[in-house]
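Spelled out from the first residue to the last, the chains are:
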Amino acid sequence: MSRTCHILPGDPPIEVELRRSARARRITLRVSRMRRRVTATVPAGVSERAAVAFAEEKADWIRKHLGACPEPVVVTLGSALPVEGHFRRVVPGQGRRVVLGPESLAVPGAAEQVGARVAGFLRERARARLDVAARRYAAQLDRRVARLTLRDPKSRWGSCSSTGNLMFSWRLILAPPEVLDYVAAHEAAHLVHMDHSARFWDTVAGICDMEAPRTWLKREGETLHRYEFTRAER
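Conventions and cut-offs
Residues numbered from 1 in each chain as written. Predicted model: local features only at pLDDT ≥ 70, side-chain atom pairs only at ≥ 80, totals over all residues. Heavy atoms only, no water. Buried < 20%, exposed > 50% of the residue type's maximum accessible area, 1.4 Å probe, protein only. Helix = DSSP H or I, 4+ residues; strand = E, 2+ residues; numbered from the N terminus. Pairing = 2+ DSSP bridges. Contact = heavy atoms within 4.5 Å. Axes fitted to C-alpha atoms, helices over the stretch in contact; angles between N-to-C directions. Salt bridge = Lys/Arg side-chain N within 4 Å of Asp/Glu carboxyl O. Parallel < 35°, antiparallel > 145°, perpendicular 65-115°, else oblique. Left-handed = near helix turned anticlockwise from the far one by under 90°.

(A) Local environment of the pairing of strand β4 (residues 37–43). Of all seven residues in β4, six are buried; the element is thus mostly enclosed. Where strand β3 (residues 28–32) meets β4, five bridges bridge the pair, whose relative direction is antiparallel. For Thr28, the partnering residue across the bridge sits in β4 and is Thr41.

This is the structure in structure tokens:
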């Protein structure tokens, strides 16, 4: 799949990535709320000039959707971010440990290290919650989790390997607890069915309430990626 970029003129200019796809039947546009990126998928037989003209015709639509994208939040003292679905304000802390309060997240140490310390705290909390949930659901299905790892993928919340290794996004700790719980159940169900067949979904539904968390992830999931914990992420 080949990719090129085109700049739509205006204030500000907009970069549109043109992606060639042999499977595409028509030109389509996508605005990523997570990355504030515009992508045009272009069928193999359509010229670049035609694709650019299509994007230019849709410039107002593109700007409207970009305007609705949430702005990135660099986590530092004074920032607010959700932890287990509830917003907390990041405030200076004492001692050595990050302390989670009802309305605050107290972070000790130098101000320039706040983002990294918050990220470390969230990863540890995510690991503890996901480890318990995933192993609980696996046990219900008479399966065993071989290994659990945390990452920060941009396009998925979890995965399951054929050898029983589960991977999860640590950003799930930002979501309401029932959402994290659902993703744990989802990946545990893949220990039984390595697909998304009707039998797989029946298995998920048999061990957790999945409809509301699935809807939340589809509607709000991308917003969990707006939080940046180091300046290098920008």
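Past the structure itself, the notes keep going.
(B) Focus on the sheet that holds strand β9 (residues 104–107). Strand order in the open sheet made by the four strands is β6-β7-β9-β8, with mixed pairing throughout. Both edges of this open sheet fall to β6 (80–83) and β8 (99–100), since each of them pairs with a single strand only. Relative to β9, strand β7 (residues 86–92) runs parallel, the two being bridged by four bridges. Considered in β9, the bridge of Arg89 is made with Ser104. Contacts from helix α3 (residues 114–140) reach β6, β7, β8 and β9 within the one sheet, and its direction differs from that of β9 by about 115 degrees.

(C) Quick look at the sheet that holds strand β11 (residues 158–160). With mixed pairing, the three strands of this open sheet are ordered in space as β10-β12-β11. Strands with a single pairing partner mark the edges of an open sheet, and in this sheet they are β10 (147–151) and β11. Taken over all neighbouring pairs, the strand axes of this sheet differ in orientation by 15 degrees on average, direction set aside. Sheet analysis places β11 next to strand β12 (residues 165–169), joined by three bridges and oriented antiparallel. From the neighbouring strand, Ser159 faces β12, where its bridge partner is Met167. Relative to β10, α3 is tilted by about 145 degrees, and along the sheet it contacts β10 and β12.

(D) Region of the structure containing the pattern of salt bridges. Counted by the stated rule, this structure contains seven salt bridges. A salt bridge links Arg136 to Asp181; the nearest nitrogen and oxygen atoms lie 3.0 Å apart. With Arg136 in helix α3 and Asp181 in helix α4 (residues 177–189), this residue pair connects regions lying 45 residues apart in the sequence. Overall, the relative accessible area of 37% leaves Arg136 in the partly exposed class.

(E) Here's a closer look at the environment of Leu217. Take Leu217: it is sitting in helix α6 (residues 211–220). With near-sequence residues (within four places) excluded, Leu217 lies in contact with Trp157, Val179, Tyr182 and Val183.

(F) Representation of the pairing of strand β2 (residues 14–21) within the structure. One ladder, built from six bridges, connects strand β1 (residues 3–8) with β2; its direction is antiparallel. Bridging across to β2, Thr4 finds its partner in Leu18. Taking the residues between adjacent antiparallel strands as the criterion, β1 and β2 are bridged by five residues, where Gly10 takes a positive phi near 145 degrees. Two strands pair when backbone bridges link them, and β2 and β4 are joined in this way by six bridges, in the parallel orientation. In the strand pairing of β4, Arg19 is matched with Thr41.

(G) Broad picture of the packing of α3 against α4. Taken N-terminus to C-terminus, the directions of α3 and α4 make an angle of 45 degrees; their axes are 8 Å apart at the nearest point. In terms of axis orientation, α3 runs oblique to α4. Here α3 and α4 pass one another in a crossing that is right-handed. Contacts from Arg129, Leu130, Ala133, Ala134, Arg136, Tyr137 and Ala138 of α3 reach α4 at Leu180, Asp181, Ala184, Ala185 and Ala188.

(H) Highlighting the side chain of Thr149. Mapping Thr149 onto the fold places it in strand β10. Overall, the relative accessible area of 17% leaves Thr149 in the buried class.

Without other data, these values stay purely geometric and don't point to any function.
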